[in-house]
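Chain and residue survey
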Amino acid sequence: MHETFHVTADRAVNYKTLKEQLPHFLNADDTIVTNLANVSALLNVYLDDINWVGFYLFSGEKLVLGPFQGLPACTEIAIGRGVCGLAAKARATQIVADVTTIDNHIFCDPKSRSEIVVPIVKDGELFGVLDVDSPTVGRFTEADQALLEDVVALVVDILP
Ligand code: SME
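Here is a short report on the structure shown in this document. For every chain, the first residue of its written sequence is number 1, and the numbers climb from 1 along that sequence. Per-residue local features are limited, in this predicted model, to residues with pLDDT of at least 70; the limit for side-chain atom pairs, both in listing and counting, is 80 or more; totals at the level of whole chains, interfaces and linings are taken over all residues. Excluded from the side-chain calculations are hydrogens and water; all other atoms, namely the structure's heavy atoms, are used.

**A look at the packing of helix H1 (residues 11-21) against helix H4 (residues 142-158)**
One can describe the packing of H1 onto H4 by two numbers: an axis separation of 11 Å at closest approach and a directional angle of 5°. Taken together, the axes of H1 and H4 lie roughly parallel to each other. Here Tyr15, Leu18 and Lys19 of H1 lie close against H4, whose contacting residues are Ala143, Asp144, Leu147, Asp150 and Val151. As a working rule, the residues Ala, Val, Leu, Ile, Met, Phe, Trp, Tyr, Cys and Pro are called nonpolar, Asp, Glu, Lys and Arg charged, and the rest polar, with Gly in that last group. Residues that form the contact of H1 with H4 fall into these classes: 5 nonpolar, no polar and 3 charged. Axis lines are fitted through C-alpha atoms, for helices just across the contact stretch, and the angle between N-to-C directions can take any value from 0 to 180 degrees. Secondary structure elements are defined from DSSP: runs of H or I of at least 4 residues count as helices, runs of E of at least 2 residues count as strands, and each element is numbered from the N terminus. An angle counts as roughly parallel when it lies under 35 degrees, as roughly antiparallel when it exceeds 145, as roughly perpendicular when it falls between 65 and 115, and as oblique in every other case. Any pair of residues with heavy atoms lying within 4.5 Å of one another is described as a contacting pair.

See below:
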């Protein structure tokens, strides 16, 4: 694996590059942790203005912290709690423009101001969520939702 990373000032270009490079970091023969560790690292390269990106994995009962980039985070989240738990329960992407305006947000990094969480579901079964936090209010748009849902679709493809 000898990838070169090209981050530009143009977000749309960066997202395109990310999508092109992502398949090189996904291998069904590697462990889930291996795959998700590199996916979180790749997202951290190409997503600008973020302070946390990573995965929570469904244990069968709750969400538990998986591979991520950023400050140490809460290790367990109940289904329905926080933005992550809500995305897992609703099985729908959640975008929160300003986390200080909602009650159901778990502060892991006090810098976080906005958040997007995409559920990961395979064959009807909840696998986990992909969570991205930003220090900027209103950071996440439909373009981020489209990108991250595409990323999750590729991750789902290599899950057992
Ligand atoms: N803010 C999330 C918790 C996870 S951390 O941000 C990494 C939430 O409200 O679910």
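**Quick notes on the nonpolar core**
In this text, buried Ala, Val, Leu, Ile, Met, Phe, Trp, Tyr and Cys residues form a nonpolar core when linked through side-chain atoms within 4.5 Å. Partly exposed residues are those whose accessible area sits between 20% and 50% of the maximum for their type, while under 20% is buried and over 50% is exposed, using a 1.4 Å probe and protein chains only. Judged by nonpolar contacts, the single largest core of 30 residues is most densely connected at Leu43 and Leu148. Breaking this core down by element, the ones donating at least two residues are H1, helix H2 (32-46), strand E1 (52-58), strand E5 (114-122), strand E6 (125-134) and H4. Per-element accounting of this core gives the leading share, 7 residues, to H4. Among residues more than four places away in sequence, those in contact with leucine 43 are Leu18, Ile50, Val53, Leu130, Leu148 and Val151. In this structure, Cys84, Ala88, Val96 and Val117 belong to the second largest nonpolar core, which totals 14 residues.

**Some points on the pattern of salt bridges**
Salt bridge, as applied in this entry: a Lys or Arg side-chain nitrogen positioned within 4 Å of an Asp or Glu carboxyl oxygen. Counted by the stated rule, this structure contains 6 salt bridges. Residues aspartate 150 and lysine 19 are paired through a salt bridge, measuring 2.9 Å at the closest nitrogen-oxygen approach. Taken together, the positions of aspartate 150 in helix H4 and lysine 19 in helix H1 put the pair 131 residues apart, joining distant regions of the chain. Relative accessible area serves as the criterion here: at 39%, lysine 19 is assigned to the partly exposed category. Between arginine 139 and aspartate 48 there is a salt bridge, with the nearest N and O atoms lying 3.7 Å from each other. Highlighted residues: arginine 139 in the loop between E6 and H4 and aspartate 48 in the loop between H2 and E1, separated in sequence by 91 residues. Under the relative-accessibility criterion, arginine 139 is labelled buried at 3%. On the accessibility criterion, aspartate 48 (30% relative accessible area) is partly exposed. Shared partners join several salt bridges into a network, and the residues in it are Arg11, Asp48, Arg139 and Asp144.

**Here's the deal with H1**
Those residues of H1 lying buried are Asn14, Tyr15, Thr17, Leu18 and Gln21. Here the buried residues of H1 occupy an arc of 160° about the axis, which is enough to place them on one side. Exposed and oriented more than 90 degrees from the buried face of H1 are Ala12 and Lys16. For H1, the elements touching its buried residues are H2 and H4. Here, the arc refers to the directions that run from the helix axis to the C-beta atoms.

**A look at the site of the ligand**
What makes a residue near a molecule or strand is one non-hydrogen atom of that residue sitting within 4 Å of it. As a structural note, the neighbourhood of the ligand is formed by 13 residues, with Val83, Cys84, Ile106, Glu115 and Asp133 the closest of them. Definition of a polar contact: a pair of N or O atoms within 3.5 Å, with one able to donate and the other able to accept a hydrogen when the atoms are protein atoms, and with sequence-neighbouring residues admitted only if both atoms are side-chain atoms. Between the ligand and the protein, one listed contact pairs a nitrogen atom with a side-chain N or O atom of histidine 105 at 3.3 Å. Areas reported as accessible are Shrake-Rupley estimates using a 1.4 Å probe. Residue values count occlusion only from the protein chains shown. Compared with its free state, where it exposes 310 Å², the ligand has 99% of that area covered by protein. At the level of elements, E1, helix H3 (82-90) and E6 are the ones that each hand at least two residues to the shell around the ligand. When residues in the shell around the ligand are grouped by element, the largest group, 3 residues, is from H3. When grouped by side-chain class, the residues that make up the shell around the ligand number 8 nonpolar, 2 polar and 3 charged.

**Describing the sheet that holds strand E2 (residues 62-70)**
Note: two strands are recorded as paired if DSSP finds a minimum of 2 bridges between them. The strand order across the open sheet formed by 6 strands is E3-E2-E1-E6-E5-E4, and the pairing between neighbours is antiparallel. Both outer strands of the open sheet, strand E3 (76-78) and strand E4 (94-96), are each paired with one neighbouring strand and no more. Direction aside, neighbouring strands of the sheet carry axes that sit 25° apart on average. Sheet topology note: the E2/E3 ladder contains 3 bridges and is antiparallel. Residue pairing in the sheet places lysine 62 in a bridge with alanine 78 of E3. Across the sheet, H4 is in contact with E4, E5 and E6; its angle to E5 comes to roughly 30°.

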